[in-house]
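# Descriptive structure summary
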Amino acid sequence: MDCEIIIHTMEDLMTPIIVSFGPERYGLPPFKGEKKGEKEKLEMRKNIVENIWPAKFAKMEEFLKQNFKETGYAAGKALSIADIRIFVTVKSLKSGFLDGVPKDFIDKYPTMLAIYEKVGELDAVKKWLKIEAEHASKKK
């Protein structure tokens, strides 16, 4: 059950940012400003980072603490999709891809960072990250 809670909560945490890529895709009014609403998008993301996320991320951090302390994993006693989901979310936040979202936002949540680091040390994940980096460098 915890695994599903974590997955759905992480998805819920990222939904406002996803909406900021194009609110009209979610039945909301489109951005109307110059440069395809860049200013409005950044204002929306600033609101998310300053007013929406802190309480939600803090609650998720608190939820993860005990199990991680006892087992070293987000849910249960072994690696699960919950750990992978946290890894992907933290990776996105730290990447700098999301303009208007400080790369260090996630640094306030040590359990999520610890899960990210632990998953990032897995051989299969290292291999995937290497392939991803090679693919990205070919696009440049």
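Residues numbered from 1 in each chain as written. Predicted model: local features only at pLDDT ≥ 70, side-chain atom pairs only at ≥ 80, totals over all residues. Heavy atoms only, no water.

## Things to note about the overall build of the protein
Stated precisely, the cut-off is as follows: Per the convention used, a helix needs a DSSP run of H or I reaching at least four residues, while a strand needs a run of E reaching at least two, with both numbered from the N terminus. The rule is simple: take the accessible area with a 1.4 Å probe, protein chains only, and divide by the maximum for that residue type; under 20% is buried, over 50% is exposed, in between is partly exposed. Only heavy atoms matter for contacts: two residues are in contact if any of them lie within 4.5 Å across the pair. Accessible surface is estimated by sampling points in the Shrake-Rupley manner with a 1.4 Å probe; for residues, cover comes only from the protein chains shown.
The secondary structure content of the protein amounts to five helices and zero strands. The secondary structure elements of the protein, listed N-terminal to C-terminal, are α-α-α-α-α. The buried share of the protein, reckoned over its 140 residues, is 34%. Sequence-distant contacts, at least 24 apart, represent 67% of the contacts inside the protein between residues at least 6 apart. By element, 58% of the accessible surface of the protein is carried by carbon and sulfur atoms, the whole surface being about 9000 Å².

## As for the nonpolar core
Across soluble globular proteins, you tend to see nonpolar side chains buried next to one another. We apply this condition: In this description, a nonpolar core means a group of buried Ala, Val, Leu, Ile, Met, Phe, Trp, Tyr and Cys residues linked to one another through side-chain atoms lying within 4.5 Å.
Counting residues in hydrophobic clusters, the biggest one holds 30 residues, and the most contacted among them are Ile6, Trp53, Phe57, Ile86 and Met112. Elements with a contribution of two residues or more to this core: α1 (2-20), α2 (34-71), α3 (81-95) and α4 (110-120). Not counting chain neighbours up to four residues away, the residues in contact with Ile6 comprise Met60, Phe63, Leu64, Ala74, Ala75, Ala82 and Ile86.

## As for the packing of α1 against α2
This is how the line gets drawn: Lines fitted to C-alpha atoms define the axes here, with helix axes fitted over just the stretch in contact, and angles between the N-to-C directions of these axes take values from 0 to 180 degrees. Note on terminology: angles under 35 degrees are roughly parallel, angles over 145 are roughly antiparallel, angles of 65 to 115 are roughly perpendicular, and the others are oblique. Just so you know the grouping, Ala, Val, Leu, Ile, Met, Phe, Trp, Tyr, Cys and Pro go in nonpolar, Asp, Glu, Lys and Arg go in charged, and all remaining residues, Gly too, go in polar.
It is the contact of α1 with α2, at a shortest axis distance of 9 Å, that shows an interaxial angle of 170°. By the criterion of interaxial angle, the relationship of α1 to α2 is roughly antiparallel. Here Asp2, Ile5, Ile6, Thr9, Met10, Asp12, Leu13, Met14, Pro16, Ile17, Val19 and Ser20 of α1 come into contact with α2, specifically with Lys41, Met44, Arg45, Ile48, Trp53, Lys56, Phe57, Met60, Phe63 and Leu64. For the contact of α1 with α2, a count of residues per class yields 15 nonpolar, two polar and five charged.

## Points about the confidence of the model for the protein
Just so we agree on the cut-off: Note: pLDDT gives the predictor's confidence per residue, expressed from 0 to 100.
Looking at the protein as a whole, the pLDDT averages 93, with 99% of positions reaching at least 70. The least confident element of the protein is helix α5 (residues 123-139), whose mean pLDDT is 88; the most confident is α4, at 97.

## A short note on the packing of α3 against α4
When two helices pack together, their arrangement is captured by the angle between the axes and the distance separating the axes. Where α3 meets α4, the closest approach of the two axes is 8 Å, and the angle between their N-to-C directions is 105°. Taken together, the axes of α3 and α4 are roughly perpendicular relative to one another. Mapping the contact onto sequence places Asp83, Ile84, Ile86, Phe87, Val90, Lys91 and Lys94 in α3 and Met112, Leu113, Ile115, Tyr116, Val119 and Gly120 in α4. For the contact of α3 with α4, a count of residues per class yields nine nonpolar, one polar and three charged.

## Focus: the pattern of salt bridges
Just so we agree on the cut-off: Throughout this description, the term salt bridge denotes a Lys or Arg side-chain nitrogen within 4 Å of a carboxyl oxygen of Asp or Glu.
Throughout the structure, instances matching the rule amount to nine salt bridges. Linking Lys41 and Glu38 is a salt bridge whose minimum nitrogen-to-oxygen distance equals 3.4 Å. With a gap of three residues between them, Lys41 and Glu38 both fall in helix α2, about one helical turn apart. What makes Lys41 buried here is its relative accessible area of 13%. For Glu38, a relative accessible area of 28% corresponds to the partly exposed category. Residues Lys41 and Asp99 are paired through a salt bridge, measuring 3.2 Å at the closest nitrogen-oxygen approach. One end of the pair, Lys41, is in helix α2; the other, Asp99, is in the loop between α3 and α4, and 58 residues separate them in sequence.

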